[in-house]
Amino acid sequence: MAQDSQSGPAVGDQPKGDTSILNSMAFRGIAYQVLLAICVVLGGLYLYVNVNANLDRQGIATGWDFVTENAGFDIGESPIPYDSEDTYGFALWVGVLNTLRVAVVGIVLATILGVFMGIARTSRNWLLSKVANVYVEVCRNVPVVLHVLFWATVVRFLPAPRQAIIPFDGAYLMNRGVVFPIPNEHPAYVWVGVAFVLGIVGAVVLGRWAQRRRELTGQYIPTFWWGLAIITGLPMVAWLVQGAPLSWNVPALKGFNFQGGMALSPEYAALVIGVTVYTGAFIAEIVRAGIQAVPHGQIEAARALGLRPGFIMRYITMPQALRIIVPPTASQFLSLTKNSSLGVLIGYPDLVNIGNTTLNQTGQAVEAITIMMIVYLSISLTISTAMNLYNRLVAIKER
Amino acid sequence: MNETATPVTKTRHTEPPPIEKVPALRWMRENLFNSPLNSMITVILGLGLVFALPDFINWSLFNSVWSGDHEACRVDGVGACWAVVGEKHRPMLFGVYPYEEHWRLIVALIIYLSVIAATLTPMFWKIKILVPLWVGNLAVCLTLMWGGILGLAPIDTSQWGGLPLTMVLFTGTVVFGSPLAVLLALGRRSHLPGIKSVCVVFIESLRGVPLITILFVAVNVFPLFLPEGLEFDKLLRVMAGMAIFFACYQAEVIRGGLQAIPRGQIEAAEALGLGYWQLMRRIVLPQALRICLPGLVNHIIAAFKNTSFVLIIGLFDILTATTAVMEDPVWRIFFVEAYLFVALIYFCFCFALSKYSQLVERWLSEGRRF
Amino acid sequence: MKTIITAVAAVAFAGAMAVDTKSAMAADGPTLKAVKARGEVICGVHQGRYGFAIADSQGKWKGLDVDFCRAVAAATLGDSEKVKYIPLGSVQRFPALQSGEVDMLSRTTTITLTRDAALGFNFGPPTFYTGTGFMVRKSIGATTVDQMGGAAICVFPGSTTEKNIASLFKSKGMKFTPVVIESSKQLVGAYMSGRCDVLAMDQAGLPGHQQYDAKNPADHLIIPGVYSKEPLGIGVRAGDDQWFDIIKWVTHATFNAEEWGVSKANVDKMVKSNDPNVKRLLGVSGDLGKKLGLDKQWAYRIIKQVGNYGEIYETNWGPPLNLARGINNLWTNGGLMYGFPMK
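Rules of the game
- Residues numbered from 1 in each chain as written.
- Chains lettered and ligands numbered in written order.
- Predicted model: local features only at pLDDT ≥ 70, side-chain atom pairs only at ≥ 80, totals over all residues.
- Helix = DSSP H or I, 4+ residues; strand = E, 2+ residues; numbered from the N terminus.
- Contact = placed C-beta atoms within 7 Å.
- Core = buried A, V, L, I, M, F, W, Y, C linked by C-beta atoms within 7 Å.
- Buried ≥ 20, exposed ≤ 12 C-beta atoms within 10 Å, placed from the backbone.
- Pairing = 2+ DSSP bridges.
- Right-handed = clockwise from strand over helix to strand, strands pointing away.
- Axes fitted to C-alpha atoms, helices over the stretch in contact; angles between N-to-C directions.
- pLDDT = per-residue confidence, 0-100.
- Domains from an automatic or database assignment.
- Expected span 1.5 Å × (residues − 1).
- Nonpolar A, V, L, I, M, F, W, Y, C, P; charged D, E, K, R; others polar.
- Parallel < 35°, antiparallel > 145°, perpendicular 65-115°, else oblique.
- Left-handed = near helix turned anticlockwise from the far one by under 90°.

1. Let's talk about the environment of B:Ser64
Residue and element names in this part refer to chain B.
Logical step 1: For serine 64, the location among the structural elements is in the loop between helix 2 (36-62) and helix 3 (70-73).
Logical step 2: As for serine 64 and arginine 362, which are separated by 298 residues in sequence, their C-alpha atoms are 41 Å apart.
Logical step 3: Non-local contacts of serine 64, meaning those with residues more than four positions away in its chain, are made with Trp59, Val78, Gly79, Ala80, Cys81 and Trp82.

In structure tokens form, the structure reads like this:
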């Protein structure tokens, strides 16, 4: 057969055309990265030089010495003893603790509220689901700043201590905050605590035993109520055995304010309520989406197999729903922690507030803001890493 | 013989007729009282609403004062004082913008909202229409607000406030942040380790800090980065900060969409000889953006709500203006009505956008098979 | 590739349009040049303190600090109305000055070593001397500071008052709860609504709040005496000596004008005076203004459009506040206001 001289290239031929190195993928890849690296480094140097020149020219102090300097200002509320003669570094640490106070309580409350509202939305009761719907829609579409400001203004209009609102005996609601009685310390409580821990251990052991029994014999043993009974019963028994000691530290009006009992400042209350209500609405939405995302066929098949509703919920619905619920909820937790920085608006001494005051008293804006950002970044990265780990553990393995 | 009628057979699957003949009662039985637990919940909730709702309606609608002086609101027994909104709505909505020029803001708002409505309609989703539409929209609105030409009095950005400022911040955030978000998402999915690590570091570090600190950096620290004599308008700096923050969150959503595109698409495009940017622009991004559109809209709603954070740095958006206005000692006690008014504005906008996002989700799901 | 280059160029162009570059030119220092180019002085003032800086219902600013802003505008730009006032909270004020958002800070700022040396500021001579004072509700029953142990005290964050009361109470061995809110109106509102028992701030600011912000002024008591030294002065960024000199000498001009008897009413007649001091001040002989980068009539305009220190004081602290001059009087009358020689 005569070879047609007009045919195209045969297999194995080198491609004709521009083979310059500029067209090589490998070369271009490296070139782009080198270019980017140069830009980043040059840009960084430029900014660094400018900052130093500006700070020098204006005579603004630089360096981290201020962290060991005397703070000189007092902090409104602090979980650990703080004095105006402590250092700026210590004051910032108090700020971090205050932030965590709001974050932890907020996360717990928001989760409870969110889960409850999420389940309510999927309920077959029309009234309940509509009420939950109204809550979620209203609270989601209003900015968190407005939530916090609203509650801060509400607490500011509460009556003065002399005319405080009394929801129940010993508790007072006023514009200085909320005070309520707490039990006095007693050595017997140590044993109650020990009994509580023992109770948890016992409940876990019970759960394991029931699982093994089920796997071996197929017999289903309901453990939920028994476990709950152990966890609450043991401490109760320990308390009763020691004579049921209980004395209350009741707040009483002395001089300017109430002494005794436990007090929550109005700023703390307003901040916690504001972020809880806001984040709870988002969590409710996430929970609803998670529950509704479990294909109904799964539930129907489980019912066809004769499985009990509790069992279905625990072993079929929840694992699939949790896979969908947990990642967005973790980022909502993160968002709540970051929203606690709104304390600066209402006078709650969280990290941003104290950082702001520090920045002002020392003039070192760059250092103070860097510290704040690093702290928040550490908290965020911790939660992110944990979430990524969880994600990888439960992800569906694909090709 | 006309025995052609089909005999009616009694099967075991016939259901007895429903107990209630009246449809309303039947609905209540199925939805409100369908189990003992639900019945109890219905009774409790119903009682609660019966006690609370009439009071609330009385307070907010029937007994309320709609206009007049603060004296009228302090009379015993009156309900909500909507007169505070009537009295103060101009400073709340428009900030310190000069009174006579408010018409410019109203015209700009109407044009802007119409263009947004047009942008959301799929009919207009062509680059040839959208880009000129938005360029024209921005030009007209900015001219109206800024003035200085065509006989309009010039008004400096420091006097912009209220709802128009919220819209300006929102627009700037989304318009500047979206291209950056696409670039960051593509960079993060790049195979080149250098680019990928830079993008990852950028996204993760900015997602981990609160918006407040970014605003502080934009207002206090950023001017120190500039050489002497160079000055950026404060509004622009704040907008840049919020745009970068928005871009980092949006990049994650887009990345999710990019991950959902099957590898086959990219391989086929490469086999056809398309370059990287062509393939991204014509094949991958249109599909990816359609997939993650609900997530994108969620973050756009969040960007609108985040404009309220400028309260902390002293820019007068609608929430700051309201707070400032409510410091008036005479009207101070009626803060609930004022905040409800602002909440209503935010709610309308965000709720409309979220309903739109649900609509888009439905359009997408209608074209798919599971 | 082409598209990328065009895009980058477009962004750079747009960026350049948004930016205010000041070209490096001749003798004017950077701040004065910027002010002249802009056509107005940007002045940071208090959000609302009666006597110092308060905006009335039409948005017109009045006060001692405001008048000094106007004096600087009159001296540099020729018109005392060419001022833009930026109300600043106690925490925002320093970053605002550091970052260049305002040209001068006339905002009841106490001159301290840290602020002068470490924050990158320079302060003109004090325009007002005061000290930390306290206002309490009479129903609390405290009439001296010693009776305030355990009280909730409203104070501005980032102020010298905050540190003063911390060390004062520590030295007396008393505890207190600080309530810090940055916004002036909200802080005073918190005190008035009963959130705190005591309002602590510069003594001179208290009478105004008692008269105008309290529902019943007789319910409140301003504790007599001051508990610290608070010399309030105008602050400017360090690194611009010329602008600093201008601020300094505008202040001294007002002191000297009062000392030499030159006032708003008679400044036009005083132009023909034989007193060599007055002639130098008003630019009739010599050219002091040139040394500052201004024209001859800089001081004349200050006095004509704003007034001398005595008139500034009287306008703002006369009736209805009626705060006696005390140490804010001229040195010739036993006070501390001492104008430096202008020659």
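2. Considerations on the nonpolar core
Logical step 1: Of all hydrophobic cores here, the largest spans 185 residues; its most connected members are A:Val148, A:Leu271, B:Leu215, C:Ile153, C:Cys154 and C:Val198.
Logical step 2: In terms of residue count, helix 10 (residues 234-259) of chain B provides more of this core than any other element does, 14 residues in total.
Logical step 3: When neighbours within four sequence positions are excluded, B:Leu215 is seen to be in contact with B:Val238, B:Gly241, B:Phe309, B:Val310, B:Ile312 and B:Ile313.
Logical step 4: Within the second largest apolar cluster, 65 residues are counted, among which are C:Val45, C:Ala73, C:Ala75 and C:Ile86.

3. A few points about the pairing of strand 11 (residues 177-180) of chain C
Working note: regular strand, side chains alternate between the two faces of the sheet.
All names here are of chain C.
Logical step 1: Sheet analysis places strand 10 (residues 152-155) next to strand 11, joined by four bridges and oriented parallel. In the sheet register, cysteine 154 faces strand 11, and the bridge partner there is valine 179.
Logical step 2: Handedness of the β-α-β unit built from strand 10, helix 6 (residues 160-171) and strand 11 comes out right-handed.

4. Some remarks on the pairing of strand 10 of chain C
All names here are of chain C.
Logical step 1: Across the two faces of strand 10 the burial is the same, with Ala152 and Cys154 and Ile153 and Val155 all buried.
Logical step 2: When strand 10 meets strand 12 (residues 198-202), the two strands line up parallel, connected through two bridges. Following the sheet pairing, isoleucine 153 is matched in strand 12 by valine 198.

5. Some thoughts on the sheet that holds strand 7 (residues 262-264) of chain A
Residue and element names in this part refer to chain A.
Logical step 1: Here we have three strands laid out as an open sheet, ordered 1-2-7, and antiparallel in their pairing. Strands at the two margins of the open sheet, each flanked by one partner only, are strand 1 (172-174) and strand 7. Pairs of neighbouring strands in the sheet enclose a mean axial angle of 15°, with direction left out of account.
Logical step 2: Sheet analysis places strand 1 next to strand 2 (residues 177-180), joined by three bridges and oriented antiparallel. Across the sheet, residue leucine 173 finds its bridge partner in strand 2, namely valine 178.

6. What to know about the confidence of the model for chain C
Logical step 1: Averaged over chain C, the pLDDT score is 86; the fraction of residues at 70 or greater is 92%.
Logical step 2: This stretch, residues 13-26 of chain C, has a pLDDT under 50; its non-local contacts, to residues over four places away or in other chains, come to 14 contacts.

7. With respect to the domain arrangement of chain A
Logical step 1: Partitioning chain A into domains gives domain 1 (26-58) and domain 2 (88-147 + 264-394).
Logical step 2: Centre-to-centre separation of domain 1 of chain A and domain 2 of chain A, based on C-alpha positions: 37 Å.

8. Some details on helix 7 (residues 266-293) of chain A
Logical step 1: Over its 28 residues, helix 7 of chain A extends 40 Å from the first C-alpha to the last, a length consistent with the 40 Å expected when each residue adds 1.5 Å.
Logical step 2: Of all 28 residues in helix 7 of chain A, 22 are buried; the element is thus mostly enclosed.

9. Some words on the domain arrangement of chain C
Residue and element names in this part refer to chain C.
Logical step 1: Once the domains are mapped, chain C shows domain 1 (30-129 + 231-333) and domain 2 (132-228).
Logical step 2: With centres defined by C-alpha atoms, the gap from domain 1 to domain 2 works out at 29 Å.
Logical step 3: The interface is formed by 17 residues belonging to domain 1 together with 17 residues belonging to domain 2.
Logical step 4: Residues of the side of domain 1 that touches domain 2, tallied by class, amount to seven nonpolar, nine polar and one charged.

10. Structural notes on unusual backbone geometry
Residues and elements named next belong to chain C.
Logical step 1: Cis geometry marks the peptide bond from proline 319 to proline 320, where omega comes out at 5°.
Logical step 2: Tracing the sequence through the fold places proline 320 in the segment after helix 14 (309-317).
Logical step 3: The backbone of threonine 108 shows a phi angle near 40°, a positive value even though the residue is not glycine.
Logical step 4: The topology assignment puts threonine 108 in strand 6 (residues 104-110).
Logical step 5: Its 28 C-beta neighbours within 10 Å are what place threonine 108 among the buried residues.
Logical step 6: At asparagine 322, a position not held by glycine, the phi torsion is positive, near 50°.
Logical step 7: On the basis of neighbour counts, which here come to 9 C-beta atoms within 10 Å, the residue asparagine 322 falls in the exposed class.

11. Some thoughts on the packing of helix 11 (residues 263-271) of chain B against helix 12 (residues 276-291) of chain B
Helix packing for two helices is described by the angle between their axes and how far apart those axes are.
Residue and element names in this part refer to chain B.
Logical step 1: Put simply, helix 11 and helix 12 touch, their axes get as near as 10 Å, and they point 140° apart. Here helix 12 runs oblique to helix 11, going by the angle between their axes. In the packing of helix 11 onto helix 12, the handedness of the crossing is right-handed. Mapping the contact onto sequence places Gln265, Ile266, Ala269 and Glu270 in helix 11 and Leu279, Ile283 and Val284 in helix 12.

12. Notes on the sheet that holds strand 11 of chain C
Residue and element names in this part refer to chain C.
Logical step 1: With mixed pairing, five strands are arranged side by side in an open sheet as 11-10-12-9-13. At either margin of the open sheet sits one strand with a lone partner, and together these are strand 11 and strand 13 (220-222). Neighbour to neighbour, the strand axes of the sheet diverge by 25° on average, direction disregarded.
Logical step 2: Bridge count for strand 9 (residues 132-137) against strand 12 is five bridges, and the pairing is antiparallel. Bridged to valine 136 within strand 12 is valine 198.
Logical step 3: Together, strand 9, strand 10, strand 11 and strand 12 form the strand contacts of helix 6, whose direction differs from that of strand 10 by roughly 155°.
Logical step 4: This element, helix 7 (residues 184-192), spans strand 10, strand 11 and strand 12 of the sheet and lies at about 160° to strand 10.

13. Quick notes on the environment of C:Lys215
All names here are of chain C.
Logical step 1: Secondary-structure assignment places lysine 215 in the loop between helix 8 (206-212) and strand 13.
Logical step 2: Take lysine 215: there are 8 C-beta atoms within 10 Å of it, and that puts it in the exposed class.
Logical step 3: Spatially, the C-alpha atoms of lysine 215 and aspartate 146 are 27 Å apart, while their sequence positions differ by 69 residues.

14. Details of the interface of chain B and chain A
Logical step 1: Counting residues at the interface gives 44 residues for chain B, matched by 42 residues for chain A.
Logical step 2: Those elements giving two or more residues to the side of chain B that touches chain A turn out to be helix 2, helix 8 (193-207), helix 9 (211-225), helix 14 (318-325) and helix 15 (335-366) of chain B.
Logical step 3: A total of nine residues in the side of chain B that touches chain A trace back to one element, the largest contributor, which is helix 15 of chain B.
Logical step 4: A breakdown of the residues in the side of chain B that touches chain A according to their chemical character gives 28 nonpolar, 13 polar and three charged.

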